[in-house]
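# Coordinate analysis (summary)
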Amino acid sequence: MHTIRSRFSHTASTIALTLSLGACASVNQDSAFQDMRATLGERVNQELVWRGDAAADAETTSKVDALLAKELTLDAAVQLALFNSRALQARYADVGIAKADLIAAGLLSNPVLDVMIRPTTNPSTGANLEFGLAQSILDIFKRPARQRVAQAEFERTQNDVAAAVVGAVAHVREAYVGAVGALNGLAVVKEVSTAAVASYELAQQFHKAGNISDLQLAEEQSMAEDSAAMVDAATLQAAEATEALAAILNVSPEAVKLPSQLPALPEQDATPSNLETLALDKRLDIAAARKTVAAGLENLKLKTDWRLWQEIGLSFSAERDGDKQWAIGPSLEIALPLFNQGGPDVTRAAAELFKAENELKDLQARVRSEVRSAGFKASTARRIAERYRKTILPLKQDIVRLKQEKYNYMLIGVFDVLVAKREETTAYLSYIDAVRNYWLARAELANAIGGAPVDTGPTATGAQP
Amino acid sequence: MNPSRRNFFWSSLTGFGSALIGRAAVAQDTQPAPAASRASDGYVPVRTPNGVTLPYEMKDGVKEFHLIAEEIEHEFAPGTKAKCWGYNGRTPGPTIEAIEGDRVRILVTNKLKEHTTIHWHGILLPSGMDGVGGLNQPHIQPGETYAYEFTLRQHGTHMYHPHADEMVQLGVGMMGMFIIHPRQPEAKLVDRDYCILMHNWALHPGTYRPDPSVMQDFDLWTFNSKVFPATEHLVAKTGERIRIRFGNLSMWNHPIHLHGHRFLITGSDGGRWPEAQWRSEVTEIVGVGQTRDIEFTGIAGDWAMHCHMSHHTMNAMGHDLPNTLGVDQSEIGMKVAKLLPGYMSMGENGMAEHQDHTMHMGGPKNTLPMMMGQGPFGNLEMGGMFTVVKIRDDLATGDYNDPGWYKNPEGTVAYKVSGPGGTPAPSPMVDHSQHNRH
């Protein structure tokens, strides 16, 4: 009894507060966005904007234009996407929606006014009138617990959205590296083709002089045509990659000025020693999964505490009978826990909690594996790219030089030298691929450990060996 | 250094080369002294251009020689050296020279890392002295010294070479000449007696060791293991009787052609032929494993002497080149040069330009240009088995020094009749004094 009474007195003050706040409780989208930005923290160093009003929108547009005016670096591409991606703006709205849900959870259900008029056939008496005001009491009692659940939900949404930002940054990096790599590759494929075409044109001269057969000419032409087909394929690849980047940046492909080469590999990779621990600490999906567990716990507690009390209603009613006397008095409605004692709700909440806990453990195991895999991929990608830069490309250049020396002494013909040149250029194509794979692997690793900065950042020079 | 001085330098240096290598037995190898044109023994000592003669010691009436088989570094011409195998620090090994009836003992020390033997090619001797490892004798193991001892029962131009792992040991330079003079002095003594041993080498461009597995695609063709322009010139005086003895231990036949003379084939490994068998020729094929002696009377001039297989007078060359003759590369050449900086189109009008190209365009390491040599009128465009026989009116007897280029008497050089600076078509009365202007 004591408990009930104290709950009632507490509830009374809550009602007063709620009523006073109720009218002005509207959602502030910007503050919800700032909460999300705080959650994101150092995972993304660049500026995030909420283009919620015309002023912010116009300001951001001018920033976008400034970024587009210059050659786009990897970091600038990320910043551009953060400014300009409408997908991200749409995602930010989720934080506002969750905030609205959170506020709604703090509000009481509105009281119900009940009016009854029963006219009589007896002219001597007036109509029978009845007024009632009913309020769900349980709603008031459950409010703090409900708010805790809603808070957990809200935080989870913040995590989700922040994780989406981290993911978007990784996608921008991938798309940028893909596009620059493809354009660089196209330029090199064109060089390969130039060598093949030069070889064929030479062969035509040899054929005209009567010095090589139709077969040899056809073979040279075939190589030249193959290389032209390679140029077509590389052109398509470059267009697709540029288009994919432009789509993420929400600009037209023509608006983007991309460098001709990928950034060179940094001298060393700044890779933190304990990647797995770092990932478990920084990953927002893990944080979100933890919040889901926390919310599940709150929900289970709520469902358990109030399992028997499905509904408690308190109402006041006033009635005027035929005698025109008013009768006034309170009434209480309680759903008796005879058939449903809240068991299914508790069972459901417990199962949901169990599910959330195991999903968290599963995610942690998968994240560890993902981080190990991404780390190995990144270190291997560096080794491959370095091998090309330090050993294979110089070797191919040496081979061309040494073959040219043989050509100078009439020990081999020019076709052999051009083949070596083509092979050198093809090796350069593989090198570009290796550099591209390196940056993709670094982006993947950064994403795998939750967006923590693992890159020393691209150096100013291009990937030219 | 001008070419004549260079050749003089090389011939002098090769004479002293063995002394520089510094082994006592080897240090005594010498060319015949210039004065010894007629020895008291009744023969003119043979001269091995770019080579030496092996000295001997008389021991109880036996001429004792000493050959040391070993790995050496050999220079084919300035710009190309290789690890070869030879005798007494050189390839070909020193020429052994003796007289019919001599008893000779030849000590052979093996400083190689595998066994060896020496076969005395064409010499009549006891079967056990014939040098076929496994057949006539045990192999001479590394570090061992064997003695071959026999009496010379013939005269003629002979050779020596290993008969153990013969393909390899011969392929990397182990060979030499063995000259036996007749006991009865020849009725017509020669004034100068030269010997040249021919060989082929698979020293692939850019490598430092001959490849013994090659059978046909050789890179270098040598007279006494030298290629032109490092081949020592042969020198004689006008009117002198000159003999050149050729031996062939290569894997091709070599038609040796001497310019400006008719020569007589006077002998072979079968010895000096009866005069009735002598033939007059200007080219004589010296077959694989054969020797030939040619004799002629010197006519003043600079006379080319070379193998007439034209590829054998080239240094390293490609055999799978696309044929560039008549191929107009003027436009496309510029495109190619963009891809290959330093590229130069060549061969449209012939390959003569190549000798000039190689003077400023780098080739593979340790590789000689295909065409080399300069004469008084320009590039010789030769290599390999090519040398010059220089015959002069004013040469002292027994002087083997390079006399420089021949000074053609006025009116005896081919002259230009049209083209820039040409002299009008001649009539019998025209003074040709300016014709050798060039």
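Residues numbered from 1 in each chain as written. Chains lettered and ligands numbered in written order. Predicted model: local features only at pLDDT ≥ 70, side-chain atom pairs only at ≥ 80, totals over all residues. Heavy atoms only, no water.

### With respect to the packing of helix α6 (residues 137-208) of chain A against helix α4 (residues 330-339) of chain B
Short version of the rule: Axis definition: a line fitted to C-alpha atoms, over the contacting stretch in the case of helices. Angles run 0 to 180 degrees between N-to-C directions. Numbering of helices and strands runs from the N terminus, with a helix taken as a DSSP run of H or I at least four residues long and a strand as a DSSP run of E at least two residues long. Note that the term roughly parallel is reserved for angles under 35 degrees, roughly antiparallel for angles over 145, roughly perpendicular for angles of 65 to 115, and oblique for everything else. It is the rotation of the near helix from the far one that decides the hand of a crossing: anticlockwise by less than a right angle makes it left-handed, clockwise makes it right-handed. Residue contacts follow a heavy-atom distance rule, with two residues in contact if any of their heavy atoms lie within 4.5 Å.
Two elements in contact, α6 of chain A and α4 of chain B, have axes whose closest approach is 10 Å; the angle formed by their N-to-C orientations is 150°. Taken together, the axes of α6 of chain A and α4 of chain B are roughly antiparallel relative to one another. Both α6 of chain A and α4 of chain B take part in a crossing whose hand is left-handed. When α6 of chain A is examined against α4 of chain B, the residues Glu 191, Thr 194, Ala 195, Ala 198, Glu 201, Leu 202 and Gln 205 of chain A are found in contact with a partner set consisting of Ile 332, Lys 335, Val 336 and Leu 339 of chain B.

### Notes on a nonpolar patch on the surface
Residues and elements named next belong to chain A. Going by this rule: Any residue with relative accessible area above 30% and no salt bridge may belong to a patch, with like charges joined within 9 Å and the nonpolar Val, Leu, Ile, Met, Phe, Trp and Tyr side chains within 5 Å. Only the protein chains shown count as cover for residues, and the accessible areas themselves come from Shrake-Rupley with a 1.4 Å probe. Salt bridges, as used here, are contacts in which a Lys or Arg side-chain nitrogen is within 4 Å of a carboxyl oxygen on Asp or Glu.
Where nonpolar side chains cluster on the molecular surface, the patch consists of Leu 113, Val 115, Ile 117, Phe 131, Leu 133, Phe 316, Trp 326 and Ile 328 and spans about 860 Å² of accessible area. Elements represented by at least two residues in the nonpolar patch include exactly β1 (112-118), β2 (128-136) and β4 (326-334). At three residues, the largest contribution of residues to the nonpolar patch is made by β1. Looking at the element boundaries, Leu 133 is found in strand β2.

### Examining the packing of aromatic side chains
All names here are of chain B. Filter applied, for reference: When the centres of two rings from Phe, Tyr and Trp lie within 6.5 Å, Trp using its six-membered ring, the rings pair. Their planes under 30 degrees apart give stacked, over 60 give edge-to-face, and anything left gives tilted. Both a distance and an angle decide whether a charge sits over a ring: NZ of Lys or CZ of Arg must be within 6 Å of the ring centre and within 35 degrees of the ring normal.
All told, the structure shown has 19 aromatic pairs over all chains when counted by the stated rule. With centroids separated by 5.6 Å and ring planes inclined at 80°, the aromatic side chains of Phe 218 and Trp 221 adopt a geometry described as edge-to-face. It is Arg 192 that lies over the ring of Tyr 400; its NZ or CZ is 4.8 Å from the centre. In this structure, Lys 390 packs its charged tip against the face of Trp 405, placed 4.5 Å from the ring centre.

### Looking at the pairing of strand β4 (residues 96-99) of chain B
Residues and elements named next belong to chain B. The condition is simple: Buried, partly exposed and exposed residues are distinguished by accessible area as a fraction of the type maximum, computed with a 1.4 Å probe on protein chains only: under 20%, between the cut-offs, and over 50%, respectively. Two strands are said to pair when DSSP picks up at least two bridges between them.
The alternating pattern of β4 places Ile 96 and Ala 98 and Glu 97 and Ile 99 on opposite faces, both of which are buried. Inspection of the sheet shows β4 paired to strand β9 (residues 176-181) by four bridges, in the parallel sense. If you follow Glu 97 over to β9, its bridge partner there is Ile 179.

### A closer look at the pattern of salt bridges
Inspection of the entire model under this criterion finds 51 salt bridges over all chains. Where Glu 386 of chain A meets Arg 382 of chain A, a salt bridge forms, and the shortest distance between an N and an O atom there is 3.8 Å. In this pair, Glu 386 of chain A and Arg 382 of chain A both sit in helix α10 (residues 343-408), four residues apart, roughly one turn of the helix. Relative accessible area serves as the criterion here: at 15%, Glu 386 of chain A is assigned to the buried category. Residue Arg 382 of chain A is classed as buried on the basis of its relative accessible area, which comes to 13%. With its nearest N and O atoms 2.6 Å apart, the salt bridge here joins Asp 302 of chain B to Arg 392 of chain B. Taken as a pair, Asp 302 of chain B in strand β20 (residues 301-307) and Arg 392 of chain B in strand β23 (residues 386-392) lie far apart in primary sequence, 90 residues in all.

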